[in-house]
Amino acid sequence: MPIFIGIIIGFGLPIQTSINNKLREKVNSPYIASFISFLVAFIFLFALLFLLEDDISYPMEKLLQEPFWIWLGGLCGVVFLTGNIIVFSHLGSIETAVLPVLGQILMGLFIDSFGLFRSLEIPLNPIRAIGALLVFAGVMIIALAKGKGKKELKKDNIIWLWRLLGIAIGMLLAIQVAINGHFGRVASSPVKASIMSFLTGIGILLVIILIIRKRDGKFTFERDISKYPWWIWLGGILGGTYNLANVYLSRIIGTGMTVIALLVGTTICGLLVDQFGFLGTRKNPVNLMKIMGVILMIAGSSAIRLF
């Protein structure tokens with residue numbers, strides 16, 4: 001049952017990205033879209049804190065004794081979410097889903113190998129290395145699944161820059177997970193860790209928005225929110241749920257199985273969003289090569305997380 005729940009929650013990440021991309025179109029800014037998503041997630045998590053925990057205070061004395069990087073989870077989250085919105089409009093759902101996974105796997109192996117951010121040190125062994133190669137091969141198959149003509153060669157060079165950005169933001173997600181995991185241990189609450197991460201992100205995005213507004217003038221966006229579909233506000237709730245799932249499910253089925261369950265849900269939903277163009281996104285038909293790439297990625301991730 002917990003594995004099934006993880007797969008269902010994993011479905012939420014591509015849907016969240018699709019929702020936030022539609023929100024970006026309405027507000028004409030990826031930063032405002034990210035700000036709204038972070039704000040909704042913060043309100044959602046704060047409500048959970050009141051419902052699930054008796055003590056809502058933070059052990060600031062303990063937290064202030066920790067390294068400075070314990071407060072950087074929100075920054076990583078801002079870059080990941082905003083980057084996802086931008087990358088999605090250029091690459092589509094499935095590549096936006098799988099490329100960050102490659103970055104997350106690579107950075108995760110690096111963090112594990114050296115025990116960074118006070119995480120458990122897990123040496124790199126041959127099986128984990130082969131798993132990383134399988135993930136890389138799967139991503140490459142997905143990226144190259146649709147052949148391009150000579151006329152699109154110049155455009156392809158730009159596409160590969162977007163793909164590299166997708167991998168880079170996945171690396172930041174791995175760092176955020178490690179930081180939030182340590183924050184949660186210090187605060188004795190994964191919910192408090194997630195809330196602080198989103199609160200920090202809200203502050204960063206607000207500063208960015210104010211700087212852009214001062215430089216470029218007023219933002220031009222559709223102010224009549226009655227024209228917005230009701231589901232456009234749900235991205236933050238999906239993001240907050242995904243964030244919490246990494247912590248809560250790992251306590252029940254282990255970190256490895258949690259990552260695999262979320263990955264299975266994320267990649268399957270990414271394929272469905274691409275195939276059918278859910279929530280007004282452009283269709284990008286799935287073929288056999290993409291499915292083979294996803295299978296390789298899941299196999300590689302399983303090898304990394306279980307051995």
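Refer to the structure above for everything that follows.
Below, the structure is looked at part by part. Just so it is clear, the model here is predicted, and its values are computed rather than measured.

### Some details on the packing of helix H2 (residues 30-52) against helix H8 (residues 190-216)
Where H2 meets H8, the closest approach of the two axes is 9 Å, and the angle between their N-to-C directions is 155 degrees. Taken together, the axes of H2 and H8 lie roughly antiparallel to each other. Like other packed secondary-structure pairs, H2 and H8 cross with a definite hand, here left-handed.

### Structural notes on the packing of aromatic side chains
As enumerated under the stated definition, the model contains 8 aromatic pairs in all. Seen from their ring centres, Phe 110 and Phe 114 are 5.1 Å apart, and the 55 degrees between their planes marks the pair as tilted. Taken together, the residues span about one helical turn, with Phe 110 and Phe 114 both in helix H5 (residues 93-114) at a distance of 4 residues. Overall, Phe 110 belongs to the partly exposed group, its relative accessible area being 45%. For the pair Tyr 228 and Trp 233, a centre-to-centre distance of 5.6 Å together with 25 degrees between the ring planes defines the contact as stacked. Among the aromatic residues, those joined into a cluster by ring pairs are Phe 42, Phe 46 and Phe 50. Between Arg 163 and the ring centre of Trp 160, over which it is positioned, the NZ or CZ distance is 4.5 Å. Its end group placed over the ring of Tyr 58, Lys 192 keeps NZ or CZ at 5.9 Å from the ring centre.

### Some details on the pattern of salt bridges
In total, this model carries 4 salt bridges according to the counting rule given. Of the charged contacts in the structure, one is a salt bridge between Glu 66 and Arg 118, with a shortest N-O distance of 2.9 Å. Of this pair, Glu 66 sits in the loop between helix H3 (60-63) and helix H4 (73-91) while Arg 118 sits in the loop between H5 and helix H6 (126-143); the two residues are 52 residues apart in sequence, bridging distant segments of the chain. Asp 112 is the salt-bridge partner of Arg 128, the closest N and O atoms lying 3.3 Å from each other. Highlighted residues: Arg 128 in helix H6 and Asp 112 in helix H5, separated in sequence by 16 residues. As far as the burial class goes, Arg 128 and Asp 112 line up, both buried.

What counts as what
- Residues numbered from 1 in each chain as written.
- Predicted model: local features only at pLDDT ≥ 70, side-chain atom pairs only at ≥ 80, totals over all residues.
- Heavy atoms only, no water.
- Axes fitted to C-alpha atoms, helices over the stretch in contact; angles between N-to-C directions.
- Helix = DSSP H or I, 4+ residues; strand = E, 2+ residues; numbered from the N terminus.
- Parallel < 35°, antiparallel > 145°, perpendicular 65-115°, else oblique.
- Left-handed = near helix turned anticlockwise from the far one by under 90°.
- Phe/Tyr/Trp six-rings, centres within 6.5 Å; stacked < 30°, edge-to-face > 60°.
- Buried < 20%, exposed > 50% of the residue type's maximum accessible area, 1.4 Å probe, protein only.
- Lys NZ or Arg CZ within 6 Å of the ring centre and 35° of its normal.
- Salt bridge = Lys/Arg side-chain N within 4 Å of Asp/Glu carboxyl O.

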